[in-house]
2 protein chains.
Amino acid sequence: MAIRTRTTAPRGDALSRQRIVEAAVELLDAEGEAGLTFRALSARLKTGPGAIYWHVANKDELLLAATDAVLATTGAGPDPRASPEETIRGVALGLFDAIDEHPWLAVQLSRSPWQSMTLRLFDRVGQQVQALGVPAAARFTSASALLIYILGAARQNAANARTQRPGADRTAILERESATWEGLDATEYPFLHDVAGQLRDHDDRAQFLAGVDLILAGIRAVAP
Amino acid sequence: MAIRTRTTAPRGDALSRQRIVEAAVELLDAEGEAGLTFRALSARLKTGPGAIYWHVANKDELLLAATDAVLATTGAGPDPRASPEETIRGVALGLFDAIDEHPWLAVQLSRSPWQSMTLRLFDRVGQQVQALGVPAAARFTSASALLIYILGAARQNAANARTQRPGADRTAILERESATWEGLDATEYPFLHDVAGQLRDHDDRAQFLAGVDLILAGIRAVAP
DNA sequence: ACCTGAACACCGTTCAAGT
DNA sequence: ACCTGAACACCGTTCAAGT
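About the criteria used
- Residues numbered from 1 in each chain as written.
- Chains lettered and ligands numbered in written order.
- Predicted model: local features only at pLDDT ≥ 70, side-chain atom pairs only at ≥ 80, totals over all residues.
- Heavy atoms only, no water.
- Helix = DSSP H or I, 4+ residues; strand = E, 2+ residues; numbered from the N terminus.
- Buried < 20%, exposed > 50% of the residue type's maximum accessible area, 1.4 Å probe, protein only.
- Contact = heavy atoms within 4.5 Å.
- Areas by Shrake-Rupley, 256 points an atom, 1.4 Å probe, with all protein chains shown as cover.
- Expected span 1.5 Å × (residues − 1).
- UniProt positions renumbered as here; feature names shortened; annotations may be inferred.
- Phe/Tyr/Trp six-rings, centres within 6.5 Å; stacked < 30°, edge-to-face > 60°.
- Least-squares fit on C-alpha atoms with pLDDT ≥ 70 in both.
- 1 Å grid on protein atoms, 1.4 Å probe; cavity = no way out; pocket = protein on both sides within 12 Å on 5 of 7 lines; lining within 4 Å.
- Points joined across faces, edges and corners; volume = space filled by probe spheres on them.
- Nonpolar A, V, L, I, M, F, W, Y, C, P; charged D, E, K, R; others polar.
- Near = heavy atom within 4 Å.
- Polar contact = N/O pair within 3.5 Å; in protein donor to acceptor, adjacent residues only side chain to side chain.
- Domains from an automatic or database assignment.
- Buried area = accessible area lost by both parts, 1.4 Å probe.
- Axes fitted to C-alpha atoms, helices over the stretch in contact; angles between N-to-C directions.
- Parallel < 35°, antiparallel > 145°, perpendicular 65-115°, else oblique.
- Left-handed = near helix turned anticlockwise from the far one by under 90°.

Moving on, we come to the overall build of chain A. Of regular secondary structure, chain A possesses 11 helices and zero strands. In chain A, the succession of α and β elements from N to C terminus is α-α-α-α-α-α-α-α-α-α-α. Buried residues in chain A amount to 44% of all 224 residues. In chain A, once contacts between residues fewer than 6 apart in sequence are set aside, the share between residues at least 24 apart is 65%. Of the roughly 11,500 Å² that chain A leaves accessible, carbon and sulfur atoms contribute 54%.

Rendered as structure tokens:
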């Protein structure tokens, strides 16, 4: 096969939808949602803002494409040997970690529900709920409760991470927050006051999974 | 007591933090988050944008104040005769309805977790979890799972409502979505394909409460 | 103390003009 | 077909100047 000439081969610096989306993801990861700007993006791609509009309709479409691109690489294929519970935990952890790595994902995922990506997730969770032996009438409720919790927790975690400076000392933050809760008026915040100590050795991931297990227990209680 | 003179009494059109926040809430309710602009707000208040900055530090603080103002009027006081489950359902429904009425609330509530308002909610839910007899070690997990679900579901509902044009025919939308799901490839989306029919007479509020009950069942399963 | 409104440094998006 | 970059209509925020 002949070597392509320089002029017809796609050069590394040629603009393309793919290169734009890749650069957008990099920008989102590095600077957060506020960092994704058509000007910043075009500067990084060494072109003008107008050039991007040739390949992408608008910012919404760009964000959607970035979300799809990241989620496409995430989540290992389902393991047929895994139990339904394990598969659900796998999906949940995959999303949790993806959002932990790309906090801007959370906002995108819950912005347009019933979107292709969310529907795919809903179906995957629903399949496992069915495999659990949940009767047909209770499947919709079970699957939607699971997905809502998973997305909600991952989003909350992303919001927490964004509040803190990146690279901040996690232990120190929890220590400080725990002390704050302890200092709260026990009459006004009896629960927080009581539970302040548990915050000190809090593990977000473990907490997240415990919540998933709690809902799974509820589902099992309805469909034994 | 003497009648106050016109000049010292706060005239109806005098600028004040309270009037600003009230106008902000009106604007948010009518036009959504994008509608809250310092220019639109100052036009409504018949003043310049700079005047607002005398009473409010910036847009973030304004959004926070608007959120507090709306949530302060929501949620009936806790009924001491109600069971813990009933109280939790009451808190959940109160939030759900508030967010249904003011969809912009959802984004605000999960933007800054560990904020005064969210902490108060967390404490209220935690108190009821304790009243349920959940052992100390499981209380944190139970309360946070509940709150994450409640906020997540309310947000999802708000996002759904925002996608649809206000005043759109709810039945028609569900009918159309149900038909879409039915038309999906049964190999790729087996669950959605199966469950499409249930979507037709779907009640968001009932669905939401069913999810709360599911988590309550899980909590009870852990702490009988 | 409080308000005014022009001005600054940004946005997303468009579009005539180029190649 | 694809790119350029100035221009438009917006933002949030600041600030000298007024009362």
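Another aspect to go through is helix 5 (residues 84-101) of chain A. Side chains three or four residues apart in an α-helix point the same way, a direct result of the helix having 3.6 residues per turn. Taking 1.5 Å of rise per residue, the 18 residues of helix 5 of chain A would be expected to cover 26 Å, and the 26 Å separating its terminal C-alpha atoms lies within 8% of that figure. Those residues of helix 5 of chain A that are buried lie in contact with helix 4 (59-73), helix 6 (104-111), helix 7 (116-131), helix 8 (136-163) and helix 11 (204-222) of chain A.

Taking the UniProt record as the reference, the feature "domain: HTH tetR-type" (unreviewed entry) is found at residues 14-74 of chain A. When the span residues 14-74 of chain A is considered, its composition is 72% helix and 0% strand, and the gap between its end C-alpha atoms is 27 Å.

Counted under the stated rule, the structure contains 14 aromatic pairs over all chains. Considering the side-chain rings of Tyr149(A) and Phe208(A), the 6.0 Å spacing of their centres and the 10° angle between planes classify their relative orientation as stacked. Residue Tyr149(A) is located in helix 8, and its partner Phe208(A) is located in helix 11; the two are separated by 59 residues in the primary sequence. Here Tyr149(A) and Phe208(A) have matching classes, each one buried. Here the aromatic rings of Phe191(A) and Phe122(B) are separated by 5.6 Å at their centres, their planes lie at 85°, and the arrangement is edge-to-face.

With that settled, the discussion passes to the relation of the copies chain B and chain A. When chain B is fitted onto chain A, the two copies agree to an RMSD of 0.1 Å after a turn of 180° and an axial shift of 0.0 Å. In symmetry terms, the pair is related by a two-fold rotation axis. No C-alpha of chain B approaches the rotation axis more nearly than that of Gly218(B), which lies at 1.7 Å. Interface overlap between copies: 100% of the residues of chain B at the interface are likewise at the interface in chain A, consistent with a symmetric, same-surface contact.

The next thing to look at is the layout of surface pockets. One way to see where empty space is left: roll a probe the size of a water molecule over the atoms. There is about 1,000 Å³ of room inside the largest pocket. Around the largest pocket, the lining comprises 27 residues; the ones closest to its centre are Glu33(A), Val107(A), Glu33(B), Val107(B) and Arg111(B). For the lining of the largest pocket, the secondary structure elements donating two or more residues are helix 4, helix 6 and helix 8 of chain A together with helix 4 (59-73), helix 6 (104-111) and helix 8 (136-163) of chain B. Classifying every residue of the lining of the largest pocket by side-chain character gives seven nonpolar, nine polar and 11 charged.

Around DNA strand C, the structure places 17 residues, and the nearest of them are Arg39(A), Lys59(A), Thr47(B), Gly50(B) and His55(B). Of all DNA strand C atoms lying within 4 Å of any protein atom, the proportion belonging to sugar or phosphate reaches 48%. Here a phosphate oxygen of DNA strand C sits 3.5 Å away from a polar atom, N or O, in the main chain of Leu36(A). Among the secondary structure elements, those contributing two or more residues to the surface near DNA strand C are helix 2 (38-44) and helix 3 (49-55) of chain A together with helix 3 (49-55) of chain B. Here the residues of the surface near DNA strand C are counted per class, giving seven nonpolar, seven polar and three charged.

Next up on the list: the domain arrangement of chain A. Residue and element names in this part refer to chain A. What the domain assignment lists for chain A is domain 1 (17-71) and domain 2 (77-222). For domain 1 and domain 2, the distance between their C-alpha centroids amounts to 29 Å. Taken residue by residue, the interface counts 12 residues in domain 1 and 11 residues in domain 2. Both faces combined, the contact of domain 1 with domain 2 buries some 1,100 Å², and carbon together with sulfur accounts for 66% of it. Per-residue buried area on domain 1 facing domain 2 is highest for Glu 33, Thr 67 and Leu 71; these three make up 43% of the total on that side.

Before going further, it helps to examine the packing of helix 4 of chain A against helix 6 of chain A. Residues and elements named next belong to chain A. In the contact formed by helix 4 and helix 6, the axes pass within 10 Å of each other and the chain directions differ by 110°. Taken together, the axes of helix 4 and helix 6 are roughly perpendicular relative to one another. Considering how the two elements wind past one another, helix 4 and helix 6 form a crossing that is left-handed. The segment helix 4 lies against helix 6, with Asp 60, Leu 63, Ala 66, Thr 67, Val 70 and Leu 71 engaging Trp 104, Leu 105, Gln 108, Leu 109 and Arg 111. A class-by-class count of the residues in the contact of helix 4 with helix 6 yields seven nonpolar, two polar and two charged.

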